[in-house]
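Close look at the chain arrangement
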Amino acid sequence: MEQKIALLAGDGIGPEIIREAVKVMDAVGAKFGHRFTYEKGLVGAAAIDATGDPYPEATHRICQEAGIVLFGAIGDPKYDNDPSAKVRPEQGLLRMRKSLGLFANIRPLVMFDALADRSPLKREIVQGADFVCIRELTGGMYFGRPQGRSEDGNTAYDTCVYTREEVERILHLAFKQAQTRRKKLTVVDKANVIATSRLWRQIAQELAPAYPDVTLEHMFVDNAAMQLIQWPTRFDVIVTENLFGDILTDEASVISGSLGMLPSASVGAEVALFEPIHGSYPQAAGKNIANPMATILSAAMLLEHIGLRQEGAAVRSAIDEAVRSGIVTEDIAEKGVQTYTTSQVGDYVAAFIRG
Ligand code: IPM
Ligand code: MG
């Protein structure tokens with residue numbers, strides 16, 4: 001098949017990890033007879049530097065036309081400690097999610113057995129962990145208005161808003177996801193305190209009868225944060241609102257041994273976007289040391305999304321093999337053994353796929 005893909009490398013290590021994912025996509029193309037063509041777009045700090053806008057209209061058009069986006073990372077420390085900065089790279093990411101209608105962020109966590117000893121948690125706890133966190137991505141406190149400061153600057157406010165429509169569509173997606181897995185859905189909220197959480201809980205209960213094969217449970221977010229690291233194997237599908245999902249998925253990444261292993265897909269109406277869950281890791285930018293596996297696994301999710309299951313599986317096997325053989329970057333390498341660079345890992349995975 002032929003598929004156009006929008007490539008948004010972004011900031012920090014973004015360009016390096018995207019380069020490796022493209023290498024792997026091209027290997028898949030060569031092996032299975034597909035043609036992937038790429039259209040590059042600017043986003044984040046890189047886009048601010050070039051155009052003054054972290055998500056330029058031209059980039060939006062590229063994403064819409066391709067329908068499939070492979071995304072690196074966003075963020076530059078030069079903006080982090082400047083509360084007066086008018087434009088921030090992250091605004092580009094939020095605008096992109098909103099304007100492309102990417103309301104569901106799917107973050108699967110699969111434990112690589114060979115990495116169970118890299119996790120800061122005990123092997124007995126993490127072994128066999130296999131769950132997916134579905135994070136609502138275009139609502140809640142990230143987008144609620146009003147947001148800002150009082151005139152004297154001494155009071156700040158955010159607003160958390162969810163409509164029935166927003167909650168229903170993400171919950172339907174989560175129930176369906178659970179049906180394809182172990183049929184257990186955990187809705188994470190703070191319904192003992194927060195009004196939007198109570199709406200989530202109510203709607204989850206209303207929808208449950210339509211999915212009789214799925215066991216629904218509710219869990220407060222503080223409890224979920226604890227259970228995730230105490231008993232991660234108890235989870236199958238977790239669904240939660242934007243901010244809770246942001247926090248819980250960074251926490252969950254620890255289970256797998258490295259933030260550098262976790263891919264994600266953001267889906268919605270038409271466009272789908274694939275990105276590693278880690279950020280731009282500016283300290284590593286340009287050093288060829290960042291772990292490209294989260295981005296390569298995001299490419300595997302991309303392939304599966306466009307119906308290329310066998311191709312996605314080939315990428316996953318290649319990653320498995322690299323992990324098993326220790327062809328890995330320093331973040332997941334055993335102490336004292338040789339480590340590999342970003343591009344060496346990409347080369348290995350691509351070569352393995354070509355066979
Ligand atoms: C993520 C990131 C973003 C978020 C930041 C960079 C705005 O942490 O994708 O999880 O908070 O959504
Ligand atoms: Mg985050």
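Helix and strand content of the protein chain: 13 helices and twelve strands. For a compact globule of 355 residues, the expected C-alpha radius of gyration is about 20 Å, and the protein chain comes in at 20 Å, within 12% of that figure. When the backbone C-alpha atoms are referred to their principal axes, the protein chain occupies close to 55 × 50 × 45 Å. Of all intrachain contacts in the protein chain linking residues separated by at least 6 positions in sequence, the fraction that spans at least 24 positions is 74%. A total accessible area of about 15,400 Å² is found for the protein chain, and carbon and sulfur atoms account for 52% of it. Charged side chains of the protein chain number 37 positive and 45 negative; the gap between the two group centres comes to 2 Å.

Moving on, we come to the site of ligand 1. Residues in close proximity to ligand 1 include Glu90, Leu93, Arg97, Arg107, Arg135, Tyr142 and Asp246, which together make up its full environment. At 3.1 Å, a side-chain N or O of arginine 107 approaches an oxygen atom of ligand 1. The separation between an oxygen atom of ligand 1 and a polar side-chain atom of aspartate 246 is 2.9 Å. Summarising the interface, the protein chains cover 76% of the accessible area of ligand 1, which totals 320 Å² for the free molecule. Per-element tally for the shell around ligand 1: the top contributor is helix α5 (residues 89-99), with three residues. For the shell around ligand 1, the per-class residue count stands at two nonpolar, no polar and five charged.

The next thing to look at is the sheet that holds strand β3 (residues 68-73). On the basis of which strands lie adjacent, the open sheet formed by ten strands has the order β2-β1-β3-β12-β11-β4-β5-β10-β8-β9 and mixed pairing. Either end of the sheet is taken by a strand with one partner, and the two such strands are β2 (35-40) and β9 (215-220). Across the sheet, the mean angle from the axis of one strand to that of its neighbour is 25°, orientation sign disregarded. As defined by bridge partners, strand β1 (residues 2-10) adjoins β3 across four bridges and the pair is classed as parallel. Its bridge partner being in β3, alanine 6 is matched across the sheet by valine 69. Sheet contacts for helix α8 (residues 195-207): β5 (130-136), β8 (184-189), β9 and β10 (237-240); angle to β9, the most-contacted strand, approximately 170°. Running at roughly 160° to strand β12 (residues 272-276), helix α11 (residues 293-305) makes contact with β1, β2, β3, β4 (104-110), β11 (263-267) and β12 of the sheet.

To characterise two packed helices, one gives the angle between the axes of the helices and the distance between these axes. Running from N to C, α11 and helix α12 (residues 309-325) point in directions that differ by 160°, and their axes come no closer than 7 Å. In terms of orientation, α11 lies roughly antiparallel with respect to α12. Here the hand of the crossing between α11 and α12 comes out left-handed. Residues Met293, Ile296, Leu297, Ala300, Met301, Leu303 and Glu304 of α11 form the contact with α12, whose participating residues are Arg309, Glu311, Gly312, Ala313, Val315, Arg316, Ile319, Ala322 and Val323. Its residues assigned to classes, the contact of α11 with α12 comprises eleven nonpolar, one polar and four charged.

This next bit is on empty space enclosed by the protein. Counted under the stated rule, the structure contains one cavity of 30 Å³ or more. In this structure, the largest cavity spans a volume of roughly 40 Å³. Taken together, Arg107, Leu109, Phe131, Cys133, Thr249, Ala252, Leu262 and Ile277 make up the lining of the largest cavity. Of all the secondary-structure elements, those providing two or more residues to the lining of the largest cavity are β4, β5 and α10 (242-253). Class assignment for the residues of the lining of the largest cavity results in six nonpolar, one polar and one charged. Two domains each put at least three residues into the lining of the largest cavity: domain 1 (1-108 + 259-355) and domain 2 (120-256).

This paragraph deals with the pairing of β3. The buried fraction of β3 amounts to six of the six residues, a majority that puts the element mostly inside the structure. Bridging between β3 and β12 involves three bridges; their strand directions are parallel. Each bridged residue has a counterpart across the sheet, and for isoleucine 68 the counterpart in β12 is alanine 272.

Conventions used here
Residues numbered from 1 in each chain as written. Chains lettered and ligands numbered in written order. Predicted model: local features only at pLDDT ≥ 70, side-chain atom pairs only at ≥ 80, totals over all residues. Heavy atoms only, no water. Helix = DSSP H or I, 4+ residues; strand = E, 2+ residues; numbered from the N terminus. Rg over C-alpha atoms; globule rule 2.2 N^0.38 Å. Contact = heavy atoms within 4.5 Å. Areas by Shrake-Rupley, 256 points an atom, 1.4 Å probe, with all protein chains shown as cover. Lys, Arg positive; Asp, Glu negative; His and termini not counted. Charge placed at Lys NZ, Arg CZ, Asp CG, Glu CD. Near = heavy atom within 4 Å. Polar contact = N/O pair within 3.5 Å; in protein donor to acceptor, adjacent residues only side chain to side chain. Nonpolar A, V, L, I, M, F, W, Y, C, P; charged D, E, K, R; others polar. Pairing = 2+ DSSP bridges. Axes fitted to C-alpha atoms, helices over the stretch in contact; angles between N-to-C directions. Parallel < 35°, antiparallel > 145°, perpendicular 65-115°, else oblique. Left-handed = near helix turned anticlockwise from the far one by under 90°. 1 Å grid on protein atoms, 1.4 Å probe; cavity = no way out; pocket = protein on both sides within 12 Å on 5 of 7 lines; lining within 4 Å. Points joined across faces, edges and corners; volume = space filled by probe spheres on them. Domains from an automatic or database assignment. Buried < 20%, exposed > 50% of the residue type's maximum accessible area, 1.4 Å probe, protein only.

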